[in-house]
Amino acid sequence: MSSRLNPYINFSGNARQAMEYYKDVFGGQLALNTYGQSGAEGTPFADQIMHGMLETDSGFTLMGADAPPGTELRSGNNMSVSLSGDDSDDLRRYWERLSDGGEVQVALERQMWGDVFGMCTDRFGISWLVNISEPQG
């Protein structure tokens with residue numbers, strides 16, 4: 001396997017719902033492993049997600065988990081997940097699904113630099129940037 005860089009998002013007890021939602025948005029294969037499957041059976045957090053990974057047909061990889069027990073989860077505005085490319089249909093479909101039930105900060109429309117761009121926060125509080133460029137060629 002070659003090296004890769006991808007987002008890893010921590011959730012506060014709703015990682016299963018969030019990762020299943022992203023699978024619904026992007027498609028692909030979702031693998032979820034609980035703390036119970038990893039040796040913490042019988043604990044209050046046994047059914048929470050220790051590690052989840054979504055791999056899509058488009059080549060996206062998104063990982064996520066419930067914050068480990070005893071770890072304070074601090075949400076903030078210091079991270080966004082960016083989707084970009086020139087496949088307008090796919091990117092617009094992702095935008096519609098991610099922004100549905102969330103909050104749009106910047107509408108998906110043509111910007112001063114020439115691309116179509118939008119910014120939203122989804123229903124799980126994750127910030128998304130979508131940039132659609134003109135096909136090259």
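Everything below is about the structure shown above.
Here the structure is a predicted model, which is why all the values come from computation and not from measurement.

Peer 1: An account of the pattern of salt bridges is needed here, citing residue identities and associated values.
Peer 2: Per the counting criterion, the structure on display carries four salt bridges. In this structure, Arg123 engages Asp100 in a salt bridge whose closest nitrogen and oxygen atoms are separated by 3.8 Å. Residue Arg123 is located in the loop between strand 7 (116-121) and strand 8 (127-132), and its partner Asp100 is located in the loop between helix 2 (88-99) and strand 6 (103-110); the two are separated by 23 residues in the primary sequence. Look at Arg123 and you get partly exposed, because its relative accessible area is 44%.

Peer 1: Please provide a residue-by-residue account of the pairing of strand 8, values included.
Peer 2: Burial runs high along strand 8: five of the six residues are buried. Two elements, strand 5 (residues 81-85) and strand 8, share five bridges in a ladder whose sense is parallel. What sits directly across from Leu83, in strand 8, is Val130. In this structure, strand 7 lies alongside strand 8, joined through six bridges in antiparallel fashion.

Peer 1: Describe the sheet that holds strand 3 (residues 49-55), and please don't skip the residues or the numbers.
Peer 2: In sheet architecture, strand pairing relies on hydrogen bonds along the backbone and comes in two forms, parallel and antiparallel. Within the open sheet, the four strands sit side by side as 1-4-3-2. Their pairing is mixed. The sheet terminates laterally at strand 1 (8-11) and strand 2 (29-34), the two strands that pair on one side only. Across the sheet, the mean angle separating the axes of adjacent strands is 15° when strand polarity is ignored. Bridge count between strand 1 and strand 4 (residues 61-66): four bridges; the pairing is parallel. From the neighbouring strand, Phe11 faces strand 4, where its bridge partner is Asp66. Most of the contacts of helix 1 (residues 15-26) go to strand 3, to which it runs at about 5°, and overall it touches strand 1, strand 2, strand 3 and strand 4.

Peer 1: Which residues make up helix 1, and what values do they have?
Peer 2: The first and last C-alpha atoms of helix 1 sit 16 Å apart over 12 residues, in line with the 16 Å expected at 1.5 Å per residue. All of the buried residues along helix 1 are Ala15, Ala18, Met19, Tyr21, Tyr22, Val25 and Phe26. Seen from one end, helix 1 has its buried residues packed into an arc of 155°, which puts them on one side. One or two positions beyond helix 1, positive phi appears at Gly27, with a value near 75°.

Peer 1: With reference to specific residues and values, describe helix 2.
Peer 2: The end-to-end C-alpha distance of helix 2, which contains 12 residues, comes to 16 Å, matching closely the 16 Å that a straight helix rising 1.5 Å per residue would cover. If you follow the buried residues of helix 2, they end up packed against helix 1, strand 5, strand 6, strand 7 and strand 8. Following helix 2 by one or two positions, Gly101 adopts a phi angle in the positive range, close to 85°.

Peer 1: Lay out the packing of aromatic side chains in plain terms, naming residues and giving numbers.
Peer 2: Taken as a whole and judged by the stated rule, the model has 11 aromatic pairs. With a centroid separation of 5.7 Å and an interplanar angle of 40°, the aromatic rings of Phe26 and Trp128 are classed as tilted. Taken as a pair, Phe26 in helix 1 and Trp128 in strand 8 lie far apart in primary sequence, 102 residues in all. Taking the centre distance of 5.9 Å and the plane angle of 65° together, the rings of Phe60 and Tyr94 count as edge-to-face. On the criterion of sequence distance, the pair formed by Phe60 in the loop between strand 3 and strand 4 and Tyr94 in helix 2 is long-range, its members being 34 residues apart. Judged by its relative accessible area of 29%, Phe60 falls in the partly exposed class.

Rules behind the numbers
Residues numbered from 1 in each chain as written. Predicted model: local features only at pLDDT ≥ 70, side-chain atom pairs only at ≥ 80, totals over all residues. Heavy atoms only, no water. Salt bridge = Lys/Arg side-chain N within 4 Å of Asp/Glu carboxyl O. Helix = DSSP H or I, 4+ residues; strand = E, 2+ residues; numbered from the N terminus. Buried < 20%, exposed > 50% of the residue type's maximum accessible area, 1.4 Å probe, protein only. Pairing = 2+ DSSP bridges. Axes fitted to C-alpha atoms, helices over the stretch in contact; angles between N-to-C directions. Contact = heavy atoms within 4.5 Å. Expected span 1.5 Å × (residues − 1). Arc of directions from axis to C-beta. Phe/Tyr/Trp six-rings, centres within 6.5 Å; stacked < 30°, edge-to-face > 60°.

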